[in-house]
Each structure stands twice: as structure tokens, then as C-alpha cells.
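Chain and residue survey
The lines below spell out each chain.
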Amino acid sequence: MTTDRTVSEPIAAAGGVTIATDIAIVGGGLAGSLAAAVLARAGHRVVLVDKRAVYPDEFRVEKIGGHQLEAFRRLGFIRGLESAACPYDRVLNIREGKVVDVSVGQAYGLSYADLVAMARSQLPDPSSLIVDEVTAISCSDDVQHLELASGRRVTARLIVLATGMSGVLGYKLGIRRRVLAAGHSVSFGFTIARRDGAPFDFKALTCYGERIADGVDYLSLFPIRAGMRANLFMFRDPADPIMRDLRRETEATVLRLLPGLQTYLGDFRVVDRIRNWVMDLSVVEGHLQPGVVLIGDAFQTNCPAAGTGVARLLVDVERLCIEYAPRWLMTPGMSREKISEFYADRDKIAADQQSLKMARFRQALTSRDDIGWDVRRRLHFLRRSITHRVDQMRPGWLAHVRSALRA
Ligand SMILES: Cc1cc2nc3c(=O)[nH]c(=O)nc-3n(C[C@H](O)[C@H](O)[C@H](O)COP(=O)(O)OP(=O)(O)OC[C@H]3O[C@@H](n4cnc5c(N)ncnc54)[C@H](O)[C@@H]3O)c2cc1C
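Just so it is clear, the model here is predicted, and its values are computed rather than measured.

As a structural note, the neighbourhood of the ligand is formed by 38 residues, with G27, G29, G164, G296 and G309 the closest of them. Those elements that provide at least two residues to the shell around the ligand are α1 (30–41), β3 (46–50), β17 (275–285) and α9 (309–329). By residue number, the principal contributor to the shell around the ligand is α9, which donates 4 residues. Its residues assigned to classes, the shell around the ligand shows 18 nonpolar, 13 polar and 7 charged. Each of domain 1 (18–86 + 112–179 + 281–361) and domain 2 (183–279) accounts for three or more of the residues forming the shell around the ligand.

The topology assignment puts V168 in helix α5 (residues 168–172). As a C-alpha pair, V168 and V134 span 34 residues in sequence and 9.9 Å in three-dimensional space.

Let us now look at the nonpolar core. Counting 69 residues, the largest nonpolar core has A35, I159, I295 and V317 as the members making the most contacts within it. For this core, the element with the highest residue contribution is α9, accounting for 10 residues. Those residues in contact with V317 that lie beyond four places of it in its chain are A31, L34, A35, V38, L75 and I295. One finds F233, V254, L258 and L281 within the second-largest nonpolar core, a separate group that totals 32 residues.

This next bit is on the UniProt feature "domain: FAD-binding" (unreviewed entry) in the protein chain. Listed under "domain: FAD-binding" (unreviewed entry) in the UniProt record, and renumbered for this structure, are residues 21–310. Across residues 21–310, the secondary structure splits into 22% helix and 39% strand, with the terminal C-alpha atoms separated by 27 Å.

The next point concerns helix α2 (residues 67–74). The set of residues buried in α2 consists of Q68, A71 and F72. Taken end-on, α2 shows its buried residues confined to a sector of 100 degrees, consistent with a single buried face. Turned more than 90 degrees off the buried face of α2, the exposed positions are H67, E70, R73 and R74. The elements touched by buried residues of α2 are β4 (63–65), α3 (78–84) and α9.

Time to look at the domain arrangement of the protein chain. Assigned domains of the protein chain: these are domain 1 (18–86 + 112–179 + 281–361), domain 2 (183–279) and domain 3 (372–406). For domain 1 versus domain 2, the distance between C-alpha centres works out to 31 Å. Counting residues at the interface gives 10 residues for domain 1 and 15 residues for domain 2. Broken down by class, the residue content of the side of domain 1 that touches domain 2 amounts to 7 nonpolar, 1 polar and 2 charged.

Before going further, it helps to spend a moment on the sheet that holds strand β18 (residues 292–294). Taking strand neighbours across the sheet as the criterion, the 5 strands line up as β7-β3-β2-β11-β18 in an open arrangement whose pairing is parallel. Two strands in the sheet have a free side with no partner beyond their single neighbour: β7 (129–131) and β18. Averaged over neighbouring strand pairs, the angle between their axes works out to 20 degrees when direction is ignored. Relative to β7, β3 runs parallel, the two being bridged by 3 bridges. Looking at the pairing, L48 lines up with L129 of β7.

Turning next to the pairing of strand β12 (residues 176–194). In this structure, β12 lies alongside β17, joined through 10 bridges in antiparallel fashion. Within β17, the position partnered with R177 by the bridge is V284. Here β12 pairs with strand β16 (residues 268–270) via 3 bridges, running antiparallel. The residue of β16 that forms the bridge with R194 is F268.

What counts, and where the lines are drawn
- Residues numbered from 1 in each chain as written.
- Predicted model: local features only at pLDDT ≥ 70, side-chain atom pairs only at ≥ 80, totals over all residues.
- Near = placed C-beta within 6 Å.
- Helix = DSSP H or I, 4+ residues; strand = E, 2+ residues; numbered from the N terminus.
- Nonpolar A, V, L, I, M, F, W, Y, C, P; charged D, E, K, R; others polar.
- Domains from an automatic or database assignment.
- Core = buried A, V, L, I, M, F, W, Y, C linked by C-beta atoms within 7 Å.
- Buried ≥ 20, exposed ≤ 12 C-beta atoms within 10 Å, placed from the backbone.
- Contact = placed C-beta atoms within 7 Å.
- UniProt positions renumbered as here; feature names shortened; annotations may be inferred.
- Arc of directions from axis to C-beta.
- Pairing = 2+ DSSP bridges.
- Axes fitted to C-alpha atoms, helices over the stretch in contact; angles between N-to-C directions.

Structure, rendered in C-alpha cells:
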């Protein structure tokens, strides 16, 4: 056995193949796969280790738009995204059956598995993806070690942990997750179609919750290749019987919660398996260690309703892979001081804080029933609806005001 003062779990030294690289990324979800492609395309020696050759059909982010697109473009993934996803550029926003406003702007719908596959397909050398499970990790100021379930080993100068919400490897390094809000939100994902086979009358639609007691933030409908995808985001006790109703009698329960939707959906049915997810908001502690850096959900989880998970992981990938990791590799060692530069990055801190702020805002806007939030909620929708009406009477007015405010 090797023993190193900074090693938290000794790794057996004998036997097996050892793969030597500069950067080993553990976890090939969106964060790890994008990071691997960015670093490899810049000419760095990278291996990406994930326990699954193909990301499974799991419910995660399914639409990309707004500022996220600019980051995808800067990082060189926009063509890949365009070719894997369904585009849409108008979202009809409704509440209580009435139009609140219309969001205009390019967006793309696709399954998370397709999104990850797209990111992995951008690896210049497909053999840099190792399909295996990392079972042990040890880090130091100098060389880092991974042990894989197959018996193989990886040595690297830097390890990037992009293992999502699984905290097992971090735990082996003494990294803990602090839960900020257990069961913060509940999300449902399913695909719908009209029973008569006709297309829906909208490209994409968002329907906001009607009653505070329901805890519905919004239902978002948008196109993916398999049809019209629905993401329902709620702030409600995950043990409430409504969760069972949503799984078993989805169509009727959705209309019970959002009666104003009926006119827009007509006679519809769910055409695939309902998936749901209860999200704890959490952030890691004890992560500042030599040789290892955490990105994406491995560092902090996000509220799906706030839609900030991808924005956060894109900032992580961009700052780490464009700015810090290439610079760190230029000099010997991988000290805590080097690693601390990433965690102290202004853009990263701002994105992490914004994600938590938005998570709390969406929850309060949906479910706080005190007078202050009631007024705020009414003003929120009133402002949007007045702005929309003025923009309809004087087209271009809103864009003009926005650009004047930006100047
Ligand atoms: C229901 C839901 C809806 C969401 N909706 C949105 C949204 O609308 N907008 C938005 O911006 N964000 C949304 N998010 C958040 C977003 O999906 C996540 O932030 C993002 O997917 C995190 O990616 P990641 O790469 O960090 O983690 P993951 O995608 O979870 O990847 C982790 C990877 O690590 C691998 N791994 C773990 N342990 C090991 C090991 N020991 N060895 C090898 N491999 C390992 C796993 O196999 C996996 O591939 C949503 C999340 C959920 C749950």
C-alpha cells in the first residue's frame, strides 16, 4: 500500500493497468462532459470517467435558452446543441386561463440524455471516455490517484469531481454536503399528445399556478423530439397525496391544479412514463483541498423551477477550463492555493449565489401567503401583463426600453 500524509484513503499499489493523464474528470454528466471536451479540444491530456457508457433516460434539465445559449456558443457547443434539439422561439405565458405575456427568444428542447450525448460527442478522441466506476480517490499537492471498479487506476495532476448529486467520492475526501433546504421542490416530467393526433396550437407554453395552497409554481410545455414535453415544478410536501395523484392520474390532476390549461390543451394524454424528483438544496463543505476541484451539482444543487443549474455549471466549466486549469498545469504542483483561485472566482460565486437566491424567490412567490408576498405576487403578474399589452399596442416598445436601460 502507498501511504501519503495527505491521502485520505490509501490506494493499493500492486497490479492492474495505470492510466496517466494531466486531468482526470470523474462524472460524465453535462458538467463533466462539457469540461472534458473543452479541455481536450485545447490540447490537454484528459480522461473522463463515467460508470455508464450512455447517460440513462433520467429527468434533469430539458430546455436550454437565454444566457445559457451564449455560454454554449462561447464554449463551441452551439452547433451540436442545434443539431440535437428542437428549436422554439416563442413561449405563451398564461395564468388562470388568461395570457400574461409572450416570451420571445431562441430556446431548445431535448432530453438530458441527448444533451449529455451531444457534449460527449464533442470529445476529439472518444477513447478519452473510460466507462468505469471510480471507487477510491486520493489527492495531494502533487499526483492524484483514482481507483476504478475494474481494477484499473488513473493518475493525474488534477482531478475534477463532476459526480452530480452523488456525494460518495467527496465523502471519502472528507467533503460533506450541507443541506440548506430538504425537499425544497418537487418536479414532474412527462410527454403529452392530443388524443386526436393534431398538433397543439402553441409552440411552447408556460402555465403559472392559480392557488397558493396548491404549491404549483408553473408547468412548462415545450417541444422535444418525442413530442410535447411537460415539466411541472411545485413547492409542496413531497409526501402529500397529490404526488400520488399526479403519478397515477396525471391528466386529471394537472387540470385540477391548473384548470385554465384546459382550453389550451384540449383532450390530451400522457404518452410516456411520468418521472418525478424531490430536490434538496445543498452545498458542499470541506472542498478546498489540494489536487481536486468540484463542479456542477457536485458542488451545489439547484432548484429546478429556478432553472439555474445549467447556468451555474456553465460558469464552472468556463472559468475552470478556460482560465484556471490551463494556468495551474503550467507550474509544478496542485496546491490548495491554486485550487482556491477557482472557488474565489467572482463569476462563480455570483452564479452560485444567484442560484440560491432564485430558489428562495420562486418558492416564496409560489407559496408564501403573507400580505407582503401576496402584494408582490399580484404586482409581478400585473407588471408583466401591462408591459405585454403596451407592447402589443406599440410593437417594439419593450425592446426599445430594455436596450435604453442596458445602455
Ligand atoms: C428534475 C430536474 C429538473 C431540472 N431542470 C432544470 C432546468 O430546467 N434548468 C436548469 O438549468 N437546470 C435544471 N436542473 C438541474 C440540472 O439538470 C443539473 O444542474 C445538471 O444536470 C447537473 O449536471 P452534472 O453534470 O453536475 O451532474 P449529473 O448530470 O448528475 O452527472 C453526474 C455524473 O457522474 C457520474 N458518476 C457519479 N459517481 C461516479 C463514480 N463514482 N464513478 C463514475 N461516474 C460517476 C454519474 O454516472 C453521472 O453521469 C434540473 C434538475 C432536475 C433534477
